[in-house]
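# A closer look at the structure
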4 protein chains.
Amino acid sequence: MTKVLVTGFNPFNHEKINPAIEAVKLLPDEIAGCEIVKLQLPTSYLESEKKLKTAVEKEDPDFLLNVGQAGGRACLTPELVAINYDDCPIADNSGDKREGQAIDPEGPAAYFTQLPVKDMVKAIKEAGIPAEVSTTAGCFVCNHVMYYAQSLRKEHPGMQAGFVHIPFLPEQVVKRPNTPSMPLDTAVAGLKAAIRAFLLKAD
Amino acid sequence: MTKVLVTGFNPFNHEKINPAIEAVKLLPDEIAGCEIVKLQLPTSYLESEKKLKTAVEKEDPDFLLNVGQAGGRACLTPELVAINYDDCPIADNSGDKREGQAIDPEGPAAYFTQLPVKDMVKAIKEAGIPAEVSTTAGCFVCNHVMYYAQSLRKEHPGMQAGFVHIPFLPEQVVKRPNTPSMPLDTAVAGLKAAIRAFLLKAD
Amino acid sequence: MTKVLVTGFNPFNHEKINPAIEAVKLLPDEIAGCEIVKLQLPTSYLESEKKLKTAVEKEDPDFLLNVGQAGGRACLTPELVAINYDDCPIADNSGDKREGQAIDPEGPAAYFTQLPVKDMVKAIKEAGIPAEVSTTAGCFVCNHVMYYAQSLRKEHPGMQAGFVHIPFLPEQVVKRPNTPSMPLDTAVAGLKAAIRAFLLKAD
Amino acid sequence: MTKVLVTGFNPFNHEKINPAIEAVKLLPDEIAGCEIVKLQLPTSYLESEKKLKTAVEKEDPDFLLNVGQAGGRACLTPELVAINYDDCPIADNSGDKREGQAIDPEGPAAYFTQLPVKDMVKAIKEAGIPAEVSTTAGCFVCNHVMYYAQSLRKEHPGMQAGFVHIPFLPEQVVKRPNTPSMPLDTAVAGLKAAIRAFLLKAD
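Note that residues are indexed from 1 along each chain, following the sequence as it is written. All chains are assigned letters beginning with A, and all ligands numbers beginning with 1, in the order in which they are written. Local features in this predicted model are restricted to residues of pLDDT 70 or higher, and side-chain atom pairs are both shown and tallied only at a pLDDT of 80 or more, whereas totals for entire chains, interfaces and linings draw on every residue. Hydrogens are left out, water is left out, and the side-chain values use all remaining heavy atoms of the structure.

With that settled, consider the overall build of chain A. When its secondary structure is counted, chain A shows five helices and ten strands. Relative to a compact globule of 203 residues, whose C-alpha radius of gyration would be 17 Å, chain A shows 16 Å and is just as compact. Projected onto the principal axes, the alpha-carbon positions of chain A cover approximately 45 × 40 × 25 Å. Whether a residue is buried, partly exposed or exposed follows from its accessible area with a 1.4 Å probe, protein chains only, as a fraction of its type maximum: under 20%, in between, or over 50%, in that order. Taken over 203 residues, chain A has a buried fraction of 62%. Put simply, chain A shows about 8,000 Å² of open surface, and 49% of that area lies on carbon and sulfur atoms. Charge assignment in this entry is limited to Lys and Arg as positive and Asp and Glu as negative, and neither His nor the chain termini are counted. All charge positions are set by atom: Lys at NZ, Arg at CZ, Asp at CG, Glu at CD. Separation between the mean location of the 21 positive side-chain charges and that of the 26 negative ones in chain A comes to 4 Å. Strands here are runs of E lasting at least two residues and helices are runs of H or I lasting at least four, both read from the DSSP assignment and numbered beginning at the N terminus. Each radius of gyration reported is based on C-alpha atoms, and the globular scaling rule is 2.2 Å times the count of residues to the power 0.38. For the accessible areas, the method is Shrake-Rupley and the probe is 1.4 Å, while residue cover comes only from the protein chains on display.

Below you can see the structure in the form of structure tokens.
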């Protein structure tokens, strides 16, 4: 049975909730006849690596989808590419603050996702939910995990990996004027459409 | 029994749906022990006047809440004030295009709402839904109806009237990049919180 | 000789500069054969009233144009209307914090400007500078002064009065990511085009 | 004498002007004691390659800075990275429309710039002009040229290359409501600060 490992981050930067892990928890255990395995990742450069590596080794998934929060974006954004660069003015949940350093000094400048981002966007839109391909996953833990996931393909070459960013929840923008948001069930419906899209494409 | 007349507009400007009337339809028939009467208004300067006048005369409501779509806004916006001015580059559904003319040449420059917009915003936010007081309802049919509703208070001085704008639906922004949206059930929950707020305030 | 009194506010809310008074200072002393008299106003509900009243009595201008900063806007915005309402989460420069009170309890709900805002926008755009009519001057000292200026027309019925908001300067947004700005000389050129437009219209 | 080759694109997508080449033309012929050589590039995937290659071979510059327009951005954005991917819903000036294809099927997924983008941003801001590091140059001809420029370093390993995006001009946004802009002289001052920054850093 085809297996999809889907991860979501825990809250960071003084937020009490992270829509990414909340949305992942609400995914069904099966989509398009494939098994969905769910995993929470810490918003930490190094801790997320450890936890992701262990899970990939244990589950040996056919697909890996990391989900993260992109505060300020108005729609779901499948990510095209991860770059070899950590840089953020805020520290991660382990207190690790990085300023322009390589994720892997020996690694390539970037990795493209194996997931069909344009098909995913098309499927999300057909479900009535706004989506766009993004060409930057930022330079914080989201991009880091997307990059690191690709490096795990050396040991798991059959695994296709990718990333989807989701907006703030409505309750997160109550104190942020003029900021777009998306409720959890809308984000979940969009993720389901995206997962179904890459599973059907791979058939 | 206290009665609230809630109106929503039909679609305009090539849209197939207007979240305003769809949200209004989904309101319960009773909120906080008060009766909710629902009415669809045409997006037409003159036709909306006729239909609203007839309904107010028939129902003689204690409260009148008009609901309209404000494409591009990210949150629910109770309106503070309506101005005596029609002006829009697009025509209404009756083909009526207005360029800077008074709604009522004998009327005041503006009317403030009787509804407690700050309490409504507070209540919507407490329900986890973003909201802000707006100081402009624009110059199209929304502002026109909000202004006209106030003029009906001459014959119905006990009636308190106001307006709430709601964002595009997600399916409306699928073809509008970087545009905020709000699903129908979120808008409905916000409207319920707003209505409850002005009913409780009036007690 | 036709006389135009042009005012600009001093800095507020921890800013070191206010583009409004800086732009006003750079206006020529004559536009389209008319005299331009310049005045700085304090960003204070009450102090601005006093200073404006004294100047209008002394100068008895044919035109009064108040200029203020609208941080976050991307273009010049001639204001259509001022409302009878003071409300702002920040205090003015006199420490006066107002929460939803009338400017003049006996005054009308709003005053429309006498200036031809559509002609002003057209003239500014023809000068290659972005502009739009605004239907809200907010609820802080800008709207307050625009409203108060209209009330001075009781004593000066021949005076035409209005308001133009201008964006942040580039140096003000250096610490505000993703915020539009407009350099001083561009704002000044836009103001000149706007003033010329209402002077020519009045001819 | 240290030599800097600075390029700017010609207009595209129905625009009559491209601020990139206009800003480049206004740069001085010498900055910080270094020679500035200017070149216009066509907004064409293939033609820009040819013209850039010829110029780099002829001039053998120590630094190469490509400048392009990023409509909708509010500040100057030095680019961190170029990705191996062409994709745009509009065709280039040669009628070449690309949908998700590699720039160089044998090339790396991305190239990082050699220019010190953080120092450049700091210098631009110190000049009172807003700037931010960007992590995506898009997928159109700008990113293409930035990627291609890096590939020229195989033959010119001493050349440091990078890219800066500049906003629309004010006259370009006259018909685009709510869109940020930056006048030419502000963009030119920012580019000068950026060039000075990488020249001084390299000393």
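Read on, since the account is not over.
Attention shifts here to the sheet that holds strand β1 (residues 3-9) of chain B. Residue and element names in this part refer to chain B. Here, strands pair whenever DSSP counts at least two bridges between them. Taken together, six strands build an open sheet; the order of strands is β2-β3-β1-β4-β10-β5 and the sheet is mixed. Edge strands, defined here as strands with exactly one partner in the open sheet, are β2 (30-31) and β5 (77-78). Bridge count between β2 and strand β3 (residues 34-41): two bridges; the pairing is antiparallel. Note on β3: the bridge partner recorded for E30 is E35. Helix-sheet contacts for helix α4 (residues 141-151) involve β1, β3, β4 (63-69) and β10 (160-166), and the interaxial angle to β4 is about 170°. The contact rule is simple, with two residues in contact once any of their heavy atoms fall within 4.5 Å. Angles run from 0 to 180 degrees between N-to-C directions of axes, and those axes are lines fitted to C-alpha atoms, restricted for helices to the stretch in contact.

Below, the discussion takes up the relation of the copies chain A and chain B. The relation between the two copies of this chain is a rotation about an axis and a shift parallel to it. Between chain A and chain B, which share one sequence, the superposing operator has a rotation angle of 180° and an axial displacement of 0.0 Å; the RMSD is 0.0 Å. Both copies of the chain, as the preceding transformation shows, are related through a two-fold rotation axis. Within chain A, the C-alpha atom positioned nearest to the axis of rotation is that of A:P180, 2.5 Å from it. In this assembly the copies share their binding face: 100% of the residues contributing to the interface of chain A also contribute to that of chain B. Our superposition of the copies is a least-squares fit, built on the C-alpha atoms of residues whose pLDDT is at least 70 in both.

Note on aromatic pairs: the rings of Phe, Tyr and Trp (six-membered ring only in Trp) are paired at centre separations within 6.5 Å, and the planes decide the class, stacked below 30 degrees, edge-to-face beyond 60, tilted for the rest. What the rule picks out here adds up to 24 aromatic pairs over all chains. Ring geometry for B:F112 against C:Y85: centres 5.9 Å apart, planes inclined by 35°, an arrangement best described as tilted. With B:F112 in strand β9 (residues 110-112) and C:Y85 in the loop between β6 (81-83) and β7 (86-87), the pair connects residues from two separate chains. By relative accessible area, which is 12% here, C:Y85 ends up buried. Judged by centre distance (5.6 Å) and plane angle (55°), the ring pair of C:F12 and C:F140 falls under tilted. One end of the pair, C:F12, is in the loop between β1 (3-9) and α1 (19-25); the other, C:F140, is in the loop between α3 (117-126) and α4 (141-151), and 128 residues separate them in sequence. Accessibility classification places C:F12 together with C:F140 in one group, the buried group. Three or more aromatic residues link up through ring pairs in this structure, and these residues are A:F12, A:Y45 and A:F140.

Residues and elements named next belong to chain B. Burial analysis of β1 places seven of its seven residues in the buried class, the great majority of the element. Residues K3, L5, T7 and F9 line one face of β1 and the alternating positions V4, V6 and G8 line the opposite face, and both faces are buried. One ladder, built from seven bridges, connects β1 with β3; its direction is parallel. Note that in β3 the partner of K3 across the bridge is E35. Here β1 runs beside β4; their pairing, made up of five bridges, is parallel. Counterpart to L5 in the pairing with β4 is L64.

Let's shift gears to the interface of chain C and chain B. On the side of chain B, 16 residues touch chain C, which itself brings 16 residues to the contact. Accessible area, probed at 1.4 Å, shrinks when two parts are joined; the buried area is that loss added up over both. Ranking the residues of chain C by area buried against chain B places C:F112, C:K118 and C:T135 at the top, with a combined share of 36%. Each reported salt bridge corresponds to a side-chain nitrogen of Lys or Arg within 4 Å of a carboxyl oxygen of Asp or Glu. Counting across the interface, chain C meets chain B through two salt bridges. Taking the shortest distance from any N to any O, the salt bridge between C:K118 and B:D87 comes out at 2.4 Å. Counted as a polar contact is a pair of N or O atoms within 3.5 Å, where, for protein atoms, one must be capable of donating a hydrogen and the other of accepting one, and residues adjacent in sequence contribute only when both atoms are in side chains. Taken together, chain C and chain B are joined by four residue pairs in polar contact (both at pLDDT 80 or more).

Looking now at helix α6 (residues 184-202) of chain D. One less than the number of residues in a helix, times 1.5 Å, gives the span that helix is expected to have. Relative to the 27 Å expected for 19 residues at 1.5 Å per residue, α6(D) spans 27 Å between its end C-alpha atoms, a close match to the ideal helical length. For α6(D), every residue scored as buried is listed here: D:T186, D:A187, D:V188, D:G190, D:L191, D:A193, D:A194, D:I195, D:A197, D:F198 and D:L199.

With eleven of eleven residues buried, helix α4 (residues 141-151) of chain D is to be regarded as a mostly interior element. Looking only at α4(D), the buried set comprises D:V141, D:C142, D:N143, D:H144, D:V145, D:M146, D:Y147, D:Y148, D:A149, D:Q150 and D:S151.

The next thing to look at is unusual backbone geometry. Most peptide bonds are trans, and most residues other than glycine sit at a negative phi. Non-glycine residue A:N13 carries a positive phi angle of around 50°. You can see A:N13 is positioned in the loop between β1 (3-9) and α1 (19-25).

Each partner contributes to the interface: chain A provides 18 residues, whereas chain B provides 18 residues. Of the roughly 1,300 Å² buried at the junction of chain A and chain B (both faces included), carbon and sulfur atoms supply 61%. On the chain A side of the contact with chain B, A:P130, A:E132 and A:V174 bury the most area, a combined 31% of that side's loss. Where chain A packs against chain B, one counts zero salt bridges. The interface formed by chain A and chain B holds six residue pairs in polar contact (both at pLDDT 80 or more) in total. Residue classes follow a fixed rule: Ala, Val, Leu, Ile, Met, Phe, Trp, Tyr, Cys and Pro count as nonpolar, while Asp, Glu, Lys and Arg count as charged, and any other residue, Gly among them, counts as polar. Of the residues that constitute the side of chain A that touches chain B, the class distribution is nine nonpolar, five polar and four charged.

A separate point is the side chain of C:T136. Within the secondary structure, C:T136 sits in the loop between α3 and α4. Since its relative accessible area comes to 15%, C:T136 is described here as buried. A polar contact is formed between the side chain of C:T136 and the side chain of B:T135, at a distance of 2.6 Å.

Residue and element names in this part refer to chain C. Inspection of the secondary structure puts L46 in helix α2 (residues 45-59). Of the residues examined, L46 reaches a relative accessible area of 43% and is grouped as partly exposed. For the pair L46 and C142, spaced 96 residues apart in sequence, the C-alpha to C-alpha distance is 12 Å.

Moving on to the UniProt feature "active site" (unreviewed entry) in chain A. Residue and element names in this part refer to chain A. When the UniProt feature table is mapped to this numbering, "active site" (unreviewed entry) covers E79, C142 and H165. A stretch of 87 residues holds the annotated residues, and the largest C-alpha distance among them is 10.2 Å, short enough that they meet in one place. Considering the arrangement of structural elements, one finds E79 in the loop between β5 (77-78) and β6 (81-83). If near-sequence neighbours (up to four positions away) are discounted, E79 is found in contact with R73, T113, V117, S134, T135, T136, A137, M146, F163 and H165. Note on placement: H165 falls in strand β10 (residues 160-166). Residues in contact with H165, not counting those within four places in the same chain, are G68, Q69, A70, R73, C75, L76, T77, E79, A137 and C142. UniProt positions are given in the numbering used here, feature names are shortened, and annotations may be inferred rather than shown by experiment.

Superposing chain C onto chain B takes a rotation of 180° plus a shift of 0.0 Å along the axis, which leaves an RMSD of 0.0 Å. Taken as a fraction of all interface residues of chain C, those also at the interface in chain B reach 100%, which identifies the copy contact as same-surface.

Residues and elements named next belong to chain A. A full pass over the atoms with the stated rule returns 56 salt bridges over all chains. Where E79 meets R73, a salt bridge forms, and the shortest distance between an N and an O atom there is 2.8 Å. Looking at E79, the relative accessible area reads 0%, which means it is buried. We classify R73 as partly exposed; its relative accessible area is 24%. Several salt bridges converge on common partners, so that one network encompasses K3, K58 and E59.

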